[in-house]
Amino acid sequence: MDAMRLCALWLPGLTLIRPGSGTGPGDPTVPACSNSSFKSCEECLKNVSCLWCNRKNTCMDYPVRSILPSSSLCPLYDARWGVCWMNFEAFIIAIAVIAGLILLSIAVCCCYCCYCRRRSRGIPDEEEERLARDREERRMQSLQRKHERKMKQDEIRKKYGLLQDSDHPYSRFENE
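For the protein chain, an unreviewed UniProt entry supplies the name Pituitary tumor-transforming gene 1 protein-interacting protein-like and the organism Terrapene triunguis.

Right, dumping it as C-alpha cells:
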C-alpha cells in the first residue's frame, strides 16, 4: 500500500523532470527565446534556457552543448544568464573564487583534523620525543649524583664510626 502511494507521488514528479516537459524550449506555453529579442533583459531571462547579449540586444537559446557561450555568439562580458545585473565573466570569476574558498577551507579543516587526531592518539611528535629523552637523561643523572652523594656520606660515617650495623639500624648507641 505504501509503495502505491510513493508511485502516485513520484510519477507526476518524473513527468516534470523528463526532457521536453516543464518550462523550456520545447514547452508550448513558454515563448521561444528569439521572440524576446530587442525587448529587455528581464523579459528574456524569464525563460531559464535563454541567454541575453547586451551588445546585440538579442535573446538567444543558451548553447547547452558547450558549457560557456562562444565569443562569436556573444562575448562573455556582454552575456547575461539568470540575472541581468551580472555578466557571465563576473559570474565565472565569482564561482571560481567561491570554489577556491571552499577547497581551501576543506584543506584547512582536513589538516587541522589530522593534527588534532594525531594529538589525541597520544603519538608524540619529534619535539615531544626529544623533550622526553632529555627529561629521562636528567633524571638518570640526578639518580647517579644522589647515589654518589650517599656513597661519600657512608664513607665519612665509616671514617668517624657513625655508620651503624645495617642489620639493626635501631640498635642502641654505646659510649665507650
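Draft legend 1. Here's a closer look at the side chain of aspartate 78. Looking at the element boundaries, aspartate 78 is found in the loop between β2 (58-61) and β3 (79-80). A residue is classified by how much of its surface remains accessible, and aspartate 78, at 12% relative accessible area, is buried. In terms of polar contacts, aspartate 78 uses its side chain to reach the side chain of arginine 55, at 3.2 Å. Discounting residues that sit within four places of it in the chain, aspartate 78 has contacts with Trp52, Cys53, Asn54 and Arg55.

Draft legend 2. Molecular detail of the confidence of the model for the protein chain. Residues with a pLDDT of 70 or more make up 69% of the protein chain, whose mean pLDDT is 77. Across the protein chain, element-level confidence peaks in helix α4 (residues 126-159) with a mean pLDDT of 93 and bottoms out in helix α1 (residues 2-17) with 39. When the criterion is pLDDT under 50, residues 1-25 qualifies, and its contacts beyond four places in sequence or with other chains add up to nine contacts.

Draft legend 3. Spatial organisation of α4. In this model α4 runs 50 Å from its N-terminal to its C-terminal C-alpha over 34 residues, within 8% of the 50 Å that 1.5 Å per residue would give. Directly beyond the C-terminal end of α4, a positive phi value near 70° is found at glycine 161.

Draft legend 4. Broad picture of the pattern of salt bridges. Per the stated rule, a full pass over the model turns up five salt bridges. When the shortest N-O distance is used, the salt bridge between glutamate 136 and arginine 139 registers 2.7 Å. Separated by three residues within a single helix, glutamate 136 and arginine 139 lie in helix α4, roughly one turn from each other. Aspartate 154 is the partner of lysine 150 in a salt bridge, and the nearest nitrogen-oxygen pair spans 3.6 Å. You can see lysine 150 and its partner aspartate 154 sitting in helix α4, four residues apart, about one turn around the helix. Sharing partners across several salt bridges, the network here consists of Lys150, Asp154 and Arg157.

Draft legend 5. Quick peek at the pairing of strand β1 (residues 50-53). Across the two faces of β1 the burial is the same, with Cys50 and Trp52 and Leu51 and Cys53 all buried. Here β1 folds back onto β2, and the loop between the two strands holds four residues, one of which, asparagine 57, carries a positive phi near 50°. Relative to β3, β1 is paired through two bridges, and the arrangement is antiparallel. Bridge pairing in β3 places tryptophan 52 opposite arginine 80.

Conventions we followed
- Residues numbered from 1 in each chain as written.
- Predicted model: local features only at pLDDT ≥ 70, side-chain atom pairs only at ≥ 80, totals over all residues.
- Heavy atoms only, no water.
- Helix = DSSP H or I, 4+ residues; strand = E, 2+ residues; numbered from the N terminus.
- Buried < 20%, exposed > 50% of the residue type's maximum accessible area, 1.4 Å probe, protein only.
- Polar contact = N/O pair within 3.5 Å; in protein donor to acceptor, adjacent residues only side chain to side chain.
- Contact = heavy atoms within 4.5 Å.
- pLDDT = per-residue confidence, 0-100.
- Expected span 1.5 Å × (residues − 1).
- Salt bridge = Lys/Arg side-chain N within 4 Å of Asp/Glu carboxyl O.
- Pairing = 2+ DSSP bridges.

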